[in-house]
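# Structural features, examined
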Amino acid sequence: MKTEAWVLRHGKDAGEVGPDGISGFDIETIDLPEPGPGEVLVEPMYAAWEGNLGHAIERRPIDICEERGEDRVVLGNSGAVRVLRAGDRDGRFPEGAMCLVVPAGEVDRYGYTEKVHGYDRPGSSGILARRMVLPAELLYRVDPSLGLTAQQVTAAGRYFIAWNNWNVALACWRSQMVGEDPADHLVFGWGGGVSQGGLLLARDLGFRTAMLTGSADRARLVADMGITPLDRRDYPGMTPAAGSALPPEARKMRVDSEARFVEDVRAISPRGEGAAIVLDHIGGPVYVATLKILARQGVLSTVGWKAGMRLTHLRAVEAIGRRIHVNTHVTHLRDVAPAVEYAAKTGWVPPIDERDVYAWEDGRRLAAAYNSGGTYSYFPMLKIND
Ligand SMILES: NC(=O)c1ccc[n+]([C@@H]2O[C@H](COP(=O)([O-])OP(=O)(O)OC[C@H]3O[C@@H](n4cnc5c(N)ncnc54)[C@H](OP(=O)(O)O)[C@@H]3O)[C@@H](O)[C@H]2O)c1
């Protein structure tokens, strides 16, 4: 069987960089096998455009084709698909059923992901394709009675990652701050849809919440959700992009901005202590500020390293402050059902901005917009089949 897919070619075969700054990422025709036992033929509906797509297409920090030892890779590890046919007539996946793709590609003996399907799992193909054969264990069938649309399921993928990360962070915080009322504590998050998902869970438990955002649209949206927005533009130089070197005058500006930012976060926190929990999926340039705003017995929680993964801290300071550093990756399958049900029951679903829903042919346009910070919301997606 043949189908169309967005294919990322190995850097050595990528060819010229286009005016959009992208190379070796194009629609091609690929061969698909018939689904075998334990596999399901699906029609992807929407693919969430996420950090690892950005990283892979920019080939930074690694060329994912090189890493996997392959010439061509079909990316796409999160989104909504429709079942066409299960390989062994598996009754869990009737034709037409909508499923969430859970990117738990290769898991350890306890069910925690080591390699992501459609990203760093060798030999795996993702959902940036008109049709795809996927392992059945990646598919979570969304109960139609929950009333979630394919776009909502796709956008909420970032929230479902946040569910797992947030719950580990919360358990860690509670392990030391026994009996504390969340209303007396602040949870802070750096920009991004995963942070937003975690902050909403914090808000629902009664924590005060705040988030740094880079645009007036996002700030408004965040404020409407009951999260205090801080504007990234008010702190010039504080959060440079990954790998950018700062000229000396910008360094001074950065120090001043960071000091003001720390004061502002402390001022928002109910007891002036800073944040009880910081959701930092950015790393790199924001790490020092993260540590400066983290309260004693605080939890630094991360599932991402958007702007840099080599970080330094002083162990003595973290130990004396009894601060817990939480690192998670993807989610656990047992967390998917409660997260999806919570979304349907409470409306914990990102608002869809139609301007960020890109047509199939516009994959490169979307990649370029995402990589340059040019999407409107935190939830861009590619429409593959309606
Ligand atoms: N390990 C996993 O399982 C997993 C799962 C999901 C996500 N992730 C990772 O987690 C990270 C966040 O993901 P996401 O989907 O929430 O967000 P995202 O779409 O990757 O990026 C969201 C936002 O981060 C903010 N940002 C970017 N560079 C920044 C910088 N230098 N300083 C401060 N803010 C910056 C921007 O917000 P503003 O423009 O509003 O400032 C940007 O819109 C990504 O690296 C992603 O790959 C990992």
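### Side note on the overall build of the protein chain
Across its full length, the protein chain carries 11 helices and 18 strands. For 386 residues, the compact-globule estimate of 2.2 N^0.38 gives 21 Å, and the protein chain sits close to it at 21 Å. When burial is assessed residue by residue, the protein chain has 46% of its 386 residues classed as buried.

### Focus: helix H11 (residues 363–371)
Considered for burial, the residues of H11 that qualify are Gly363, Leu366, Ala367 and Tyr370. On an axial view of H11, the arc spanned by its buried residues comes to 100°, and they lie on one face. The elements touched by buried residues of H11 are strand E1 (2–9), strand E2 (25–31), helix H1 (51–58), strand E17 (357–358) and strand E18 (381–383). Downstream of H11 by one or two residues, Gly373 has phi in the positive range, about 70°.

### Brief notes about the sheet that holds strand E11 (residues 186–189)
Strand order across the open sheet formed by 6 strands is E13-E12-E11-E14-E15-E16, with parallel pairing between neighbours. Only two strands of the sheet have a single partner each, and these edge strands are strand E13 (228–231) and strand E16 (324–327). Neighbour to neighbour, the strand axes of the sheet diverge by 20° on average, direction disregarded.

### So, the sheet that holds E1
On the basis of which strands lie adjacent, the open sheet formed by 3 strands has the order E2-E1-E4 and antiparallel pairing. One side of each edge strand has no neighbouring strand; the edge strands of this open sheet are E2 and strand E4 (72–74). On average, adjacent strands in this sheet sit at an angle of 55° to one another, irrespective of strand direction. Taken together, the 7 bridges between E1 and E2 define a ladder with antiparallel strand orientation. Within the sheet, the bridge partner assigned to Leu8 lies in E2 and is Phe25.

### Concerning the site of the ligand
Not every one of the 31 residues close to the ligand is listed here, only the nearest: Gly51, Gly191, Gly192, Gly214 and Gly304. Per element, the largest residue contribution to the shell around the ligand is 3 residues, and it comes from helix H5 (residues 193–204). No fewer than three residues from each of domain 1 (2–156 + 349–383) and domain 2 (159–327) sit in the shell around the ligand.

### Structural notes on the domain arrangement of the protein chain
Taken domain by domain, the protein chain comprises domain 1 (2–156 + 349–383) and domain 2 (159–327). The straight-line distance from the C-alpha centre of domain 1 to that of domain 2 is 29 Å. Taken together, the contact between domain 1 and domain 2 spans 8 residues of the former and 10 residues of the latter. Looking at the side of domain 1 that touches domain 2 residue by residue, the class counts come to 6 nonpolar, 2 polar and no charged.

### Thoughts on the packing of H1 against H11
The geometry of H1 relative to H11 is characterised by a closest axis approach of 10 Å and an angle of 100° between their N-to-C directions. Considering their axes alone, H1 and H11 lie roughly perpendicular with respect to each other. Across the interface between the two elements, Leu53, Gly54, Ile57 and Glu58 of H1 pack against Ala367, Tyr370 and Asn371 of H11.

### Remarks on the environment of Asp362
For Asp362, the location among the structural elements is in the loop between E17 and H11. Counting along the chain gives 25 residues from Asp362 to Ala337, while the straight-line C-alpha distance between them is 32 Å.

### Comments concerning the pairing of strand E3 (residues 39–48)
For E3, the buried fraction is high: 9 of the 10 residues fall into the buried class. With 4 bridges joining them, E3 and strand E9 (residues 132–135) adopt antiparallel strand pairing. Bridge pairing in E9 places Val40 opposite Leu134. With 7 bridges connecting them, E3 and strand E5 (residues 79–86) associate as antiparallel partners. The partner of Leu41 across the bridge, within E5, is Arg85. By the bridge criterion, 3 bridges tie E3 to E18 in an arrangement that is antiparallel. In the strand pairing of E18, Ala48 is matched with Met381.

### A closer look at H5
With 12 residues, H5 extends 17 Å between its outermost C-alpha atoms, agreeing within 8% with the 16 Å of an ideal straight helix rising 1.5 Å per residue. Taking burial as the measure, the 12 residues of H5 include 10 buried ones, the bulk of the element. Those residues of H5 not exposed but buried are Gly193, Val194, Ser195, Gln196, Gly197, Gly198, Leu199, Leu200, Leu201 and Ala202. Where the residues of H5 are buried, they touch helix H4 (157–176), E11, strand E12 (208–213) and strand E14 (275–279). Following H5 by one or two positions, Gly206 adopts a phi angle in the positive range, close to 100°.

### A few points about the packing of H4 against H5
In contact at an axis separation of 8 Å, H4 and H5 are set at 55° when each is read in the N-to-C sense. Viewed along their axes, H4 and H5 adopt a mutual orientation that is oblique. Like other packed secondary-structure pairs, H4 and H5 cross with a definite hand, here right-handed. Residues Arg158, Tyr159, Ile161, Ala162, Trp163, Asn165 and Trp166 of H4 touch H5, and the partners they reach there are Gly193, Val194, Gly197, Gly198 and Leu201. For the contact of H4 with H5, a count of residues per class yields 7 nonpolar, 4 polar and 1 charged.

Analysis parameters
- Residues numbered from 1 in each chain as written.
- Predicted model: local features only at pLDDT ≥ 70, side-chain atom pairs only at ≥ 80, totals over all residues.
- Helix = DSSP H or I, 4+ residues; strand = E, 2+ residues; numbered from the N terminus.
- Rg over C-alpha atoms; globule rule 2.2 N^0.38 Å.
- Buried ≥ 20, exposed ≤ 12 C-beta atoms within 10 Å, placed from the backbone.
- Arc of directions from axis to C-beta.
- Contact = placed C-beta atoms within 7 Å.
- Pairing = 2+ DSSP bridges.
- Axes fitted to C-alpha atoms, helices over the stretch in contact; angles between N-to-C directions.
- Near = placed C-beta within 6 Å.
- Domains from an automatic or database assignment.
- Nonpolar A, V, L, I, M, F, W, Y, C, P; charged D, E, K, R; others polar.
- Parallel < 35°, antiparallel > 145°, perpendicular 65-115°, else oblique.
- Expected span 1.5 Å × (residues − 1).
- Left-handed = near helix turned anticlockwise from the far one by under 90°.

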